[in-house]
Amino acid sequence: MLICCLLLVGFTSLQAQKYFTKEGTITFHSDAPLEKIEAINNSVTSVIDLESGRMEFAVLIKAFQFEKALMQEHFNENYMESSKYPKGTFKGQITNMDAINFSKNGTYQANIKGDLTIHGKTQSIETKGQFEVNQAQISGTASFVILVADYDIEIPNVVKDNIAKEVKIDVNCNYKELKKGVQ
Amino acid sequence: MKRVFIIGLLLTIAGLGVGFMIYNKPHQNMESAAPDFKMPATKLFTEFNANEAKANEQYLDKVIEVKGIVQSVSEEDGKVSITLDAGGLLGGVMCQLDGLSEHKRKTFEVGEIVQFKGRCTGMLMDVVLVRCVEL
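Residues numbered from 1 in each chain as written. Chains lettered and ligands numbered in written order. Predicted model: local features only at pLDDT ≥ 70, side-chain atom pairs only at ≥ 80, totals over all residues.

**Here's the deal with helix α3 (residues 52-59) of chain B**
All names here are of chain B. Of all the positions in α3, only A55, N56 and Y59 are classed as buried. Angularly, the buried residues of α3 cover 105° about the axis, an arc narrow enough to put them on a single face. Exposed residues lying more than 90 degrees from the buried face of α3 are A53, K54 and E57. Structurally, α3 contributes buried residues whose contacts are with β1 (37-40), α2 (41-50), β2 (63-76) and β5 (113-123). (Buried ≥ 20, exposed ≤ 12 C-beta atoms within 10 Å, placed from the backbone. Helix = DSSP H or I, 4+ residues; strand = E, 2+ residues; numbered from the N terminus. Arc of directions from axis to C-beta. Contact = placed C-beta atoms within 7 Å.)

**Looking at the pairing of strand β7 (residues 121-134) of chain A**
Residue and element names in this part refer to chain A. Looking at chain direction, strand β6 (residues 106-118) and β7 are connected through 13 bridges and run antiparallel. Bridging from a neighbouring strand, L116 pairs with Q123 of β7. Counting the residues between successive antiparallel strands, the hairpin from β6 to β7 contains 2 residues, one of them, H119, with a positive phi of roughly 55°. With 6 bridges connecting them, β7 and strand β8 (residues 137-147) associate as antiparallel partners. The residue bridging E132 from the neighbouring strand is S139, located in β8. Adjacent in sequence and paired antiparallel, β7 and β8 are bridged by 2 residues, among which Q135 carries a positive phi angle near 55°. (Pairing = 2+ DSSP bridges.)

**Topic: the confidence of the model for chain A**
With 87% of its residues at a pLDDT of 70 or more, chain A has an overall mean of 88. A low-confidence stretch, residues 9-15 of chain A stays under pLDDT 50, and its non-local contacts, those more than four residues away or across chains, total 0 contacts. (pLDDT = per-residue confidence, 0-100.)

**Overview of the interface of chain A and chain B**
At the junction of the two partners, chain A supplies 18 residues and chain B supplies 24 residues. Taken together, the elements giving at least two residues each to the side of chain A that touches chain B come down to β1 (18-31), β2 (36-49), β3 (54-60) and α2 (69-79) of chain A. A class-by-class count of the residues in the side of chain A that touches chain B yields 6 nonpolar, 7 polar and 5 charged. (Nonpolar A, V, L, I, M, F, W, Y, C, P; charged D, E, K, R; others polar.)

**Here's the deal with unusual backbone geometry**
The phi dihedral of Q135 of chain A falls on the positive side, at around 55°, and the residue is not glycine. Among the structural elements, Q135 of chain A can be located in the loop between β7 and β8. For D77 of chain B, which is not glycine, the phi torsion reads 55° and is therefore positive. Looking at the secondary structure, you find D77 of chain B in the loop between β2 and β3 (79-85). Overall, the presence of 10 C-beta atoms within 10 Å leaves D77 of chain B in the exposed class.

**Some details on the nonpolar core**
All names here are of chain B. Residues V93, V127, V128 and L129 are the most contacted members of the largest nonpolar core, which totals 57 residues. Of the residues forming this core, the biggest block, 6 residues, is contributed by strand β6 (residues 127-134). Beyond its immediate sequence surroundings of up to four residues, V93 is in contact with A41, L44, F45, V66, G68, L84, A86, D126, V127 and L129. (Core = buried A, V, L, I, M, F, W, Y, C linked by C-beta atoms within 7 Å.)

Right, dumping it as structure tokens:
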């Protein structure tokens, strides 16, 4: 009976620890000959499973804020078709979990691989990220570049000098523990 | 001949002026924006949860006025997000304060009843309204 109880306690302490955020930030930059475009999204949701290293991100395309209203309109209506594809998602995995200790304060370099879905099109991507562990807070950052054409995003010739073929994406999330039940 | 030239020049300048104004047109003023829908936060969440595709069609990009109970408040990088209780454990309605508007206050008490007006961008864990102003 006692052994059963001890085993049960043992199993629950090994239960996967999930950390999450609903206010993550993703910024993207496009540097073209005629124009520099930048937009920021502050309602990124992300969950990370500290045990397996699995990570998921989801963003609402309409929540990207641009300085110029007209640019935001074109982005949503013409390029991203966000009424048809309202979300962007990433489902992936930290591939070097042995180099990261989420229970110890410190800064860790991570290799991340997964599927990025934008505008209804999915591509496999690999990037490096950084995790900073400080007590109960884990912050994760990553920067990578994507090719606009890879996601079937069409840039008309008229504006091709305004929009770069490559877009740089910066991710910044501050995670806290996902507790079941009352938040 | 000279008159035609002057008229043409004036039209070109007017055209450029209009173009310049459209290019630099400002973001919608959220304080004066008329809401497309008014409803309790619980109703908005229920509709998205029941049929996301239908709710997207109806509510994406619309200005929605929601009333609800503050479940949690968070601030990150100066951005204040207030999550309203949607009556369940699955999620709520997250209202992010507009960065382009002046706000009378940016602190809120858990449990108080509040009213926000914002633009609907869809649903992730919560239904997300951006560019919110308090009513």
